[in-house]
Amino acid sequence: MLVVVSEKTGYPVEMLELHMDMESDLGIDSIKRVEILSAMQKQHPDLPEVNPTELAELRTLQQIVDHLGTNLGKAAPATAGAGYIQRTNRVPAPTNHAITRNLVQLKAVPMPDFLEYALPASACCLLTDDGTTTTTRVAEALLAQGWRVAVLSFPPALVATQATLPNGAGRVLLADVSEAALQAGLQAVTNQIGTIGSFIHLRPREADTAAVLKQLFFLAKHLQQPLAEAAEQQPRANFLTVTSIDGALGLDGTMPFDPISGGLFGLTKTVNLESPRLFCRAVDLHPGYEPEQIAAYVLAELHDPNRLLVEVGYGNHGRVTLETVEAPLEPYTPSEQITPDSVFVVSGGAKGITAQCVINLAQQYQCKFVLLGRSSIDDVDTSWLSDTAADEAALKRQIMQHLIAQGEKPTPMLVGKLARRIGSKREIEQTLHAIRQAGSEVAYLAVDVTDAAALNVALTAGSQRLGTITGIIHGAGVLSDTLLEKKTVADYTAVYSTKVDGLHALLQAVPVQQ
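What counts and how
The residue numbering used here restarts from 1 in each chain and proceeds along that chain's sequence as written. Totals for whole chains, interfaces and linings use all residues, but because this is a predicted model, local features are given only for residues with pLDDT of at least 70 and pairs of side-chain atoms are given and counted only at 80 or more. The side-chain values count all of the structure's non-hydrogen atoms but skip hydrogen atoms and water molecules. Secondary structure elements follow DSSP: runs of H or I no shorter than four residues count as helices, runs of E no shorter than two count as strands, and numbering proceeds from the N terminus. Burial status follows relative accessibility: with a 1.4 Å probe on protein chains alone, a residue under 20% of its type maximum counts as buried, one over 50% as exposed, and anything between as partly exposed. Any two residues whose heavy atoms approach within 4.5 Å at even a single point are treated as in contact. Note on areas: Shrake-Rupley, 1.4 Å probe, and residue coverage restricted to the protein chains presented here. Neither His nor the chain ends is counted toward charge; the positive residues are Lys and Arg and the negative residues Asp and Glu. In this description, the location of a charge corresponds to atom NZ of lysine, CZ of arginine, CG of aspartate or CD of glutamate. Pairing between two strands is assigned when DSSP locates at least 2 bridges connecting them. For helices, the axis comes from a line fit to the C-alpha atoms of the stretch in contact; other axes are also lines fit to C-alpha atoms, and the angle between any two N-to-C directions lies between 0 and 180 degrees. Identification of polar contacts relies on pairs of N or O atoms within 3.5 Å, with a donor-acceptor requirement for protein atoms, meaning one able to donate a hydrogen and the other able to accept it, and with residues adjacent in sequence counted only if both atoms are side-chain atoms. Two aromatic rings from Phe, Tyr or Trp, using only the six-membered ring of Trp, form a pair when their centres are within 6.5 Å; if the ring planes differ by under 30 degrees the pair is stacked, by over 60 it is edge-to-face, and anything between is tilted. We call a charge positioned over a ring when the NZ of a Lys or the CZ of an Arg lies within 6 Å of the ring centre and within 35 degrees of the ring normal. Here the expected span of a helix is defined as 1.5 Å times the quantity of residues minus one. In this description, one arc is meant: the one made by directions from the helix axis to the C-beta atoms. The term salt bridge refers to a side-chain nitrogen of Lys or Arg lying within 4 Å of a carboxyl oxygen of Asp or Glu. To form a nonpolar core, buried Ala, Val, Leu, Ile, Met, Phe, Trp, Tyr and Cys residues must be joined to one another through side-chain atoms within 4.5 Å.

**What about the overall build of the chain?**
Link 1 in the chain: A count of helices and strands for the chain gives 15 helices and 13 strands.
Link 2 in the chain: In terms of principal-axis extent, the alpha carbons of the chain reach across some 75 × 70 × 50 Å.
Link 3 in the chain: Looking at the chain as a whole, 45% of its 514 residues qualify as buried.
Link 4 in the chain: Relative to all contacts within the chain whose residues are 6 or more apart in sequence, the contacts with residues 24 or more apart total 73%.
Link 5 in the chain: For the chain, the accessible surface area stands at approximately 26,200 Å², while carbon and sulfur atoms represent 54% of it.
Link 6 in the chain: The positive charge centre, built from 39 side chains, and the negative charge centre, built from 55, are 3 Å apart in the chain.

**Re the sheet that holds strand β10 (residues 343–347)**
Link 1 in the chain: Read from one edge of the open sheet, 4 strands run β12-β11-β10-β13, paired in parallel fashion. Single-partner strands in this sheet number two, and they are β12 (442–446) and β13 (471–474). Strand-to-strand twist in this sheet, taken as the mean axis angle between neighbours without regard to direction, amounts to 15 degrees.
Link 2 in the chain: Across 5 bridges, strand β11 (residues 368–373) lies against β12 in parallel orientation. Looking at β12, one finds that F369 is bridged to V442.
Link 3 in the chain: Helix α13 (residues 412–437) rests against β11 and β12 of the sheet, and its axis sits at about 160 degrees to β12.
Link 4 in the chain: The strands that helix α15 (residues 489–509) touches are β10, β11 and β13; relative to β13, the one it contacts most, it runs at about 170 degrees.

**Looking at the environment of E323**
Link 1 in the chain: Along the chain, E323 falls in strand β9 (residues 318–327).
Link 2 in the chain: On the basis of relative accessible area, E323 is assigned to the partly exposed category, the value being 26%.
Link 3 in the chain: Spatially, the C-alpha atoms of E323 and P412 are 46 Å apart, while their sequence positions differ by 89 residues.
Link 4 in the chain: With residues up to four places along the chain from it excluded, the contact list for E323 reads L103, V104, Q105, L106 and K107.
Link 5 in the chain: Polar contacts involving the side chain of E323 include one to the side chain of Q105, which spans 2.8 Å.

**Things to note about the packing of aromatic side chains**
Two aromatic rings, taken as a pair, are described by how far apart their centres are and by the angle between their planes.
Link 1 in the chain: Counted according to the given criterion, the structure contains 9 aromatic pairs.
Link 2 in the chain: Members of the aromatic cluster, connected to one another through ring pairs, are F217, F218, Y492 and Y496.
Link 3 in the chain: The lysine or arginine in question, R236, covers the ring of F279, its NZ or CZ lying 3.8 Å from the ring centre.

**Re helix α9 (residues 263–274)**
Link 1 in the chain: Taking 1.5 Å per residue, 12 residues should reach 16 Å; α9 reaches 17 Å between its end C-alpha atoms and fits that length.
Link 2 in the chain: Among the residues of α9, those classed as buried are L264, F265, L267, T268 and V271. Buried residues of α9, viewed axially, fall in a sector of 165 degrees; they line one side.
Link 3 in the chain: Elements that come into contact with the buried residues of α9 comprise β5 (195–202), α8 (209–233), β6 (238–243), β7 (279–285) and β8 (311–315).

**Let's talk about the side chain of D252**
Link 1 in the chain: Following the sequence through the fold, D252 ends up in the loop between β6 and α9.
Link 2 in the chain: Despite its burial, D252 pairs with no opposite charge, the nearest such side chain being R205 at 14 Å.
Link 3 in the chain: Excluding its chain neighbours within four sequence positions, the residues that come into contact with D252 are D246, N316 and H317.

**Overview of unusual backbone geometry**
Link 1 in the chain: Within the chain, L249 stands out as a residue other than glycine whose phi angle is a positive 55 degrees.
Link 2 in the chain: In this structure, Q366 is a non-glycine residue whose phi angle is positive, near 50 degrees.
Link 3 in the chain: Owing to a relative accessible area of 31%, Q366 belongs among the partly exposed residues under this scheme.

**Quick word on the nonpolar core**
Link 1 in the chain: Residues L126, I196, F199, L219, L223 and F239 are the most contacted members of the largest nonpolar core, which totals 39 residues.
Link 2 in the chain: At 11 residues, the largest contribution of residues to this core is made by α8.

**Details of the pattern of salt bridges**
Pairs may arise between side chains of opposite charge once their charged atoms sit close together.
Link 1 in the chain: Per the counting criterion, the structure on display carries 12 salt bridges.
Link 2 in the chain: Here R319 ties to E301 by a salt bridge, and the two come within 2.9 Å at their closest N and O atoms. Remark: E301 occurs in helix α10 (residues 291–302) and R319 occurs in strand β9; sequence separation between them is 18 residues.
Link 3 in the chain: Through salt bridges with shared partners, a single ionic network connects R281, E301, D304 and R319.

Rendered as structure tokens:
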């Protein structure tokens, strides 16, 4: 194990210990974990396969070793006795690298059948309060079928009003929008009304969509365990979200909508993947529906026996879901709108796949680029590095020697941090060189794309140097790929803010050209 980790990370074997945490001590992300495990299984074909969910739970190298040892030789009941022979003698299937183009379109689906089931007497359905009579009508419908109902109301700062509740429904009001308040609210529901065996979210229309989405994100995080426990004790436990984009999951084309609401669908599908025992459904209802109609559709989806659908809409096109259809790749023709005088501002454009796209644009059009990134290339001193530090392992060895010469202890975390900073500087410089080699002008600006004030200053300087900005490419992003139950507020903020707030800041900073 230590040899494989050394090969994949560049850390010398003597620096590694099995008790080290892969993330906090070694900086190994989920992608690198898969690479390590794949290398182990290639060297030792008799090792058991580990699914991504199990792999995410293993924190240290020792835990991986123990897990592989514990499961060695085990096979699924249906394949016991044949699994080892199939694994050691299998011939890899030919890889098809053909790239296909697929379009998303609406697909009509029939009205759902009705699966009769009930919650245990001690369980309740948790319903979020959208502040309107829709909550009232849905609560009434749930009570009418004999269910306990708990209504979770958001703080007035988020949702100004509270729905009137029917007799028999209980309410818990969140103290504020913090994660701690959410946890306290869920505990209050359990203590006062019953264990949570079902969850329905009604998105408030008169509220900050982004703030509501964040609340639901952490509700999903803290509901996974109680709902999973409920699924062991009752016929069905569910996670259901309801929004009103356009009744066609954003594809109706006849009405404007807030695209942030679409995050509910991504979140619901994530819960569906991480908690396969739950019945998960995201429902988009036409904004013109009356509360009574909404309640009827919510109950219909709640009792749908079809577990293959995860997202549906009701509106001008009837009951629909989404499907993809393959479409031919259109022949490439150069754009007449992009000229050598065009200036693109590209967030996250100096590294990764976005950088490769920029280089190809430069080769095709010789236009100009203002690249934005958080990494500074001027603050990283590499004067002590020799030319032999060409690969990751060699670089980390030189960093170790440099730290020792400076009187510092070369821990994996410190070595990894310096290696990433130096690697980032090198990649940025290589990107800038490739763009200039293609005949384009380029400026690199170290700025946080979510800092609107700093972004305005940086883009003003970039425009003065290269000309009026004529296009935006938003490639900046932050990776935080742990399971939902392990996500922190910092994780959510970093990912969401960089992608969504960063795009908003770019759109505000770049004037629209008439």
